[in-house]
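What the coordinates show
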Amino acid sequence: KQEVTQIPAALSVPEGENLVLNCSFTDSAIYNLQWFRQDPGKGLTSLLLIQSSQREQTSGRLNASLDKSSGRSTLYIAASQPGDSATYLCAALYGAGANSKLTFGKGITLSVRP
Amino acid sequence: EPEVTQTPSHQVTQMGQEVILRCVPISNHLYFYWYRQILGQKVEFLVSFYNNEISEKSEIFDDQFSVERPDGSNFTLKIRSTKLEDSAMYFCASSEDGIRNQPQHFGDGTRLSIL
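Residue positions within a chain follow its written sequence, with the count starting from 1. Think of it this way: whatever chain is written first is A, whatever ligand is written first is 1, and the rest follow in order. Given that this is a predicted model, residues contribute local features only at a pLDDT of at least 70 and side-chain atom pairs are listed and counted only at 80 or more, while totals for whole chains, interfaces and linings are drawn from all residues. To get the side-chain values, take all heavy atoms of the structure and skip hydrogens and water.

**Focus: the overall build of chain B**
- Counting from the N terminus, the helices are the DSSP runs of H or I reaching at least four residues and the strands are the DSSP runs of E reaching at least two. What chain B contains, in helices and strands, is zero helices and eleven strands.
- Throughout, the radius of gyration refers to the C-alpha atoms, and the reference size of a globule is 2.2 Å times the residue count to the power 0.38. A compact globule built from 115 residues would reach a C-alpha radius of gyration of about 13 Å, and chain B, at 13 Å, matches this within 12%.
- Dimensions of chain B along its principal axes, counting C-alpha atoms only, are 40 × 25 × 25 Å.
- Restricting to contacts in chain B with at least 6 residues of sequence separation, those with at least 24 account for 55%.
- The averaged location of the 16 negative side-chain charges in chain B is 4 Å from the averaged location of its 10 positive side-chain charges. Contacts are residue-level and defined by heavy atoms, with any inter-residue pair within 4.5 Å sufficient. Only four residue types enter the charge count, namely Lys and Arg as positive and Asp and Glu as negative; His and the chain termini do not. Taken as the charge centre is NZ of Lys, CZ of Arg, CG of Asp or CD of Glu, depending on the residue.

Dropping the structure here:
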């Protein structure tokens, strides 16, 4: 069964800290991995997508890495700010074309203290 | 930037009633999806839709659920006879194509509350 796990469920850090959010997946036959941000009661905002052939992607203060062989991805947030407080979800894409679907982790709720 | 839009944002329905959730995917996208998130749980895949037919569905997507693309812009999810356990946030998503470098774009969701 394809499972995506994110541990810990919650994280609280002081402003300015660099941090790493972890994601692991059981089936390495992914096509890509997406990181999303979810604010309370809101939808999912796509942050980064890493294709299965890539090792990392960067956008501003965010850097995501992918290690397919070990079934792991990390989201690195540099110089965290209170506005980064949200739940961060990773999702692995399985299947191709019309049969593709995302399998989500439960998310890590991040709180950045001023 | 183009967005996926969903209506209504919140729907309250009596158990046993039919409900239709509506989505307008991004205009040049070809693949459409519904996911749901029960409060406190993971986002779960329900169904994918391409070329006017269901491509794949999960075990959650039973005979009570159906999807339709009634015109060139809307994509709907219908629940025929709602149950209490259908209460969840329902997300619509679309992607330009199904290959690996195209992200799925999500709407803000419809919160469905079954009484």
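There is more to say after this.
**Overview of the side chain of T13 of chain B**
- As for its placement among the helices and strands, T13 of chain B is situated in strand β2 (residues 10-13).
- Once residues within four sequence positions are removed from consideration, T13 of chain B is found in contact with E18, V19, T82, L112, S113, I114 and L115 of chain B.

**Details of the side chain of T110 of chain B**
All names here are of chain B.
- Looking at where T110 falls in the secondary structure, it is placed in strand β11 (residues 110-114).
- Two N or O atoms count as a polar contact when they lie within 3.5 Å, although within protein this holds only if one can serve as hydrogen donor and the other as acceptor, and sequence-adjacent residues are included solely when both atoms are side-chain atoms. Within the structure, T110 has its side chain in polar contact with the backbone oxygen of P8 (distance 2.5 Å).
- With near-sequence residues (within four places) excluded, T110 lies in contact with Q6, T7, P8, S9, Q11, L21, A88, M89 and Y90.

**Here's the deal with the sheet that holds strand β1 (residues 5-7) of chain B**
Residue and element names in this part refer to chain B.
- As summarised here, the arrangement of the four strands in space is β1-β3-β8-β7, forming an open sheet in which the pairing is antiparallel. In the strand order of this sheet, the two ends are held by β1 and β7 (65-68), each with one partner. Neighbour-to-neighbour, the strand axes of the sheet open up by a mean angle of 20 degrees, direction not taken into account.
- Only strands that DSSP links by at least two bridges are regarded as paired with each other. Relative to strand β8 (residues 75-79), β7 runs antiparallel, the two being bridged by four bridges. If you follow S66 over to β8, its bridge partner there is K78. Every angle, taken between N-to-C directions, lies between 0 and 180 degrees, and every axis is a line fitted to C-alpha atoms, over only the stretch in contact when it is a helix.

**Details of the pairing of strand β11 (residues 108-113) of chain A**
All names here are of chain A.
- Only protein chains enter the accessibility calculation, which uses a 1.4 Å probe; a residue is then buried when its area is under 20% of its type maximum, exposed when over 50%, and partly exposed in between. Residues of β11 alternate between two faces, with I108, L110 and V112 buried on one and T109, S111 and R113 left unburied on the opposite face.
- Here strand β2 (residues 10-14) pairs with β11 via five bridges, running parallel. Note on β11: the bridge partner recorded for A10 is T109.
- Judged from the three bridges that link them, strand β9 (residues 86-94) and β11 form a sheet pairing that is antiparallel. Paired with T87 across the strands is T109, a residue of β11.

**Side note on the environment of F49 of chain B**
Residue and element names in this part refer to chain B.
- Within the element layout of this structure, F49 appears in strand β5 (residues 43-50).
- The exposure class assigned to F49 is buried, which follows from its relative accessible area of 5%.
- Sequence spacing of F49 and Y31 is 18 residues, and the spatial spacing of their C-alpha atoms is 6.0 Å.
- The contact partners of F49, leaving out residues within four places of it in the chain, are L30, Y31, F32, I54, S55, V67, R69 and F75.

**A short note on the packing of aromatic side chains**
- Two aromatic rings from Phe, Tyr or Trp, using only the six-membered ring of Trp, form a pair when their centres are within 6.5 Å; if the ring planes differ by under 30 degrees the pair is stacked, by over 60 it is edge-to-face, and anything between is tilted. Tallied over the entire structure, the rule returns 13 aromatic pairs over all chains.
- For the ring pair Y33 of chain B and Y35 of chain B, a centre distance of 6.3 Å and an interplane angle of 35 degrees mean the geometry is tilted.
- Residue classification places Y33 of chain B among the buried residues on the basis of a relative accessible area of 1%.
- A relative accessible area of 0% means that Y35 of chain B is categorised as buried.
- What links up through ring pairs into an aromatic cluster is the set F36 and F104 of chain A together with Y33, Y35, F45, F91 and F106 of chain B.

**Re the interface of chain B and chain A**
- Chain B puts 25 residues into the contact, and the matching count from chain A is 27 residues.
- For the pair chain B and chain A, the two sides together bury roughly 2100 Å², of which 52% comes from carbon and sulfur.
- When a carboxyl oxygen of Asp or Glu lies within 4 Å of a side-chain nitrogen of Lys or Arg, that pair is called a salt bridge. Linking chain B with chain A are two salt bridges.
- Across the salt bridge formed by E56 of chain B and K101 of chain A, the nearest N and O atoms sit 3.5 Å from each other. Buried area, as used here, totals the accessible surface that two parts lose on assembly, with accessibility defined by a 1.4 Å probe and the loss added over both.

**Quick look at the pairing of strand β4 (residues 31-37) of chain B**
Residues and elements named next belong to chain B.
- Burial analysis of β4 places seven of its seven residues in the buried class, which makes it a mostly covered element.
- Of the two faces of β4, the one carrying Y31, Y33, Y35 and Q37 and the one carrying F32, W34 and R36 are both buried.
- Note: β4 against β5, seven bridges, orientation antiparallel. Bridged to W34 within β5 is V47.
- Joining the antiparallel neighbours β4 and β5 is a turn of five residues, in which G40 adopts a positive phi near 85 degrees.
- Pairing between β4 and strand β9 (residues 88-95): seven bridges, direction antiparallel.

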